[in-house]
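Residue-level structural notes
Each chain, letter by letter, is given below.
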Amino acid sequence: MTPTMAPGLRAAVSAVCRAEDLTAAIKAVIPHTGKEKDGGGVERVRVVADAERMRLALVATNRQRAAVALVPLLEVDDPTELDAATDTTEGLDFTAPALKVITQVFKSTGTDRLRLDITAQTLQATDVDGLLEGRTIRIRAQGEYFDESGLDRVDGAAAVLRVCAEPIAQEASFLIPEDQLAAWKATATALGGLPLVATTAGHLLVACGALGSLMGLTVLATGDAYGTSEVSLGVPAYNGPAVEALMDLLLDGTPPGGEPAREAEHALVTEIQNWIHTQTNPTETSGNTKDAEGAEGPFGGDAA
C-alpha cells in the first residue's frame, strides 16, 4: 500500500479493512453516544487503531449505554516504513455526524475494501477495490478531551468490561426502558439482529460477531435491563478474547486508591470469574470441602 495523503499530512497508521465491517461498526456504536452538555466526553466516539494487533476499535457511551466495535484489519503497513519512532497504536475522537459521513459516502458504491490512513488529526478512508484508487473521504478529529470543571472522561470500554464479568441471570424476563429502544433498534439494524443476555446486576449485554476469534466484526454493547433475576446461571455474560481487547482500550488514569485503572479492571474481572468458577466447581476450591452456599462473594459478604 502506498498512502496518498494531502500535503503536510503523514499517516501514523495505514491499513486496509472490509468496508462492510467499518460501516456496520459505525452504525452499531454511534446510537450510544451522548450529548456534550452531559459532560465526560460522551459526545465523542473513540477510534483506536492498533497496528500490532491488526484491529480498529470504536468506543461510544452516553452513561446509560456503552458500545465497543472491533474491526479486523486485513493489511497494515509496517510502521518502520513510516517512522521508526511511530507508535503502532493511534487513538482519536470523532463526532457521530463526522463518522456518519463515511457510511454515507460508501453506502451505495459496492466498495469491498477501504484503506484507512490515520494521522494525528484526521482519518481518511479510500476505496481501493480497483487498480486505481476510488472515492476518498477525510474527516477531522476533535481536539484532546478537556473539561473545564475537571470532570473525568467516561470510559465506555470499562463499562462494557464490567458487564461482561457479571453473571447471567437465570430468568430471561426483563424490561428495556422505552427511551432506549430506538438506539437498540438502530444497532440491531446495523448488525442484522440483537443477540443479548441479561445479568443479575440489572444490565443487558449485546454480544455479536466473531466473539471466539475476533477475526470478523465483533460488537459488545451494554445498557440497563430492569426486573432481571438475582439468581445466576453461574457463568459470566461474556468470557472470550474480546475481554483482553477491552482491557487494551481502557483509558489511562489512577482511580482512588492509587492502583492504575487497567490493573484494577483486570483484577476485578479475574476475581469475579474465579469466584464464579468456584461456585460451579466447589470441589476445586483449595481443598475446602465446605458447601459453596456459604462461600464469600468477590465483594465480601456471602454468595447468593
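To keep things clear, this report deals only with the structure shown in the data block. (Residues numbered from 1 in each chain as written. Predicted model: local features only at pLDDT ≥ 70, side-chain atom pairs only at ≥ 80, totals over all residues. Heavy atoms only, no water.)

1. Observations regarding the pairing of strand 8 (residues 136-140)
- The alternating pattern of strand 8 places Ile137 and Ile139 on a buried face, while none of Thr136, Arg138 and Arg140, on the opposite face, is buried.
- Bridging between strand 7 (residues 122-127) and strand 8 involves five bridges; their strand directions are antiparallel. Counterpart to Gln124 in the pairing with strand 8 is Arg138. (Buried < 20%, exposed > 50% of the residue type's maximum accessible area, 1.4 Å probe, protein only. Helix = DSSP H or I, 4+ residues; strand = E, 2+ residues; numbered from the N terminus. Pairing = 2+ DSSP bridges.)

2. Remarks on the pattern of salt bridges
- For the structure on display, the rule yields 10 salt bridges.
- The residue Arg53 makes a salt bridge to Asp50 at a minimum N-O spacing of 3.1 Å.
- Within this structure, Glu43, Arg44, Asp93 and Arg153 form a network of salt bridges that share partners. (Salt bridge = Lys/Arg side-chain N within 4 Å of Asp/Glu carboxyl O.)

3. Side note on helix 4 (residues 156-165)
- Within helix 4, eight of the 10 residues are buried, leaving the element largely enclosed by the surrounding structure.
- Those residues of helix 4 that sit buried are Gly156, Ala157, Ala158, Val160, Leu161, Val163, Cys164 and Ala165.
- Of the residues that open helix 4, the one with a side-chain oxygen 3.2 Å from the backbone nitrogen of Ala157 is Asp155. (Polar contact = N/O pair within 3.5 Å; in protein donor to acceptor, adjacent residues only side chain to side chain.)

4. Side note on unusual backbone geometry
- The phi torsion at Met54 lies on the positive side, around 55°, for a residue other than glycine.
- Note that Met54 resides in the loop between strand 2 (44-50) and strand 3 (55-61).
- Among the residues examined, Met54 registers a relative accessible area of 35% and is labelled partly exposed.

5. Remarks on the packing of helix 4 against helix 6 (residues 241-249)
- Remark: helix 4 packs on helix 6, axes separated minimally by 9 Å, with the N-to-C direction vectors making an angle of 150°. In terms of their interaxial angle, helix 4 and helix 6 are classed as roughly antiparallel. As for how helix 4 packs across helix 6, the hand of that crossing is left-handed. The residues of helix 6 that touch helix 4, namely those facing Ala157, Val160, Leu161 and Cys164, are Val243, Leu246, Met247 and Leu249.
- For the contact of helix 4 with helix 6, the class distribution of residues is eight nonpolar, no polar and no charged. (Axes fitted to C-alpha atoms, helices over the stretch in contact; angles between N-to-C directions. Parallel < 35°, antiparallel > 145°, perpendicular 65-115°, else oblique. Left-handed = near helix turned anticlockwise from the far one by under 90°. Contact = heavy atoms within 4.5 Å. Nonpolar A, V, L, I, M, F, W, Y, C, P; charged D, E, K, R; others polar.)

6. A few points about the packing of helix 1 (residues 19-29) against helix 3 (residues 96-105)
- The N-to-C vectors of helix 1 and helix 3 enclose an angle of 140°; their axes lie 9 Å apart at closest approach. Considering their axes alone, helix 1 and helix 3 lie oblique with respect to each other. Considering how the two elements wind past one another, helix 1 and helix 3 form a crossing that is left-handed. Each of Leu22, Thr23, Ile26 and Lys27 in helix 1 lies in contact with helix 3, whose residues at this interface are Leu99, Lys100, Ile102 and Thr103.

7. A word on the environment of Pro236
- Along the chain, the position of Pro236 falls in strand 13 (residues 232-236).
- A relative accessible area of 17% means that Pro236 is categorised as buried.
- Along the sequence, Pro236 and Thr199 sit 37 residues apart, while their C-alpha atoms lie 8.3 Å from each other.

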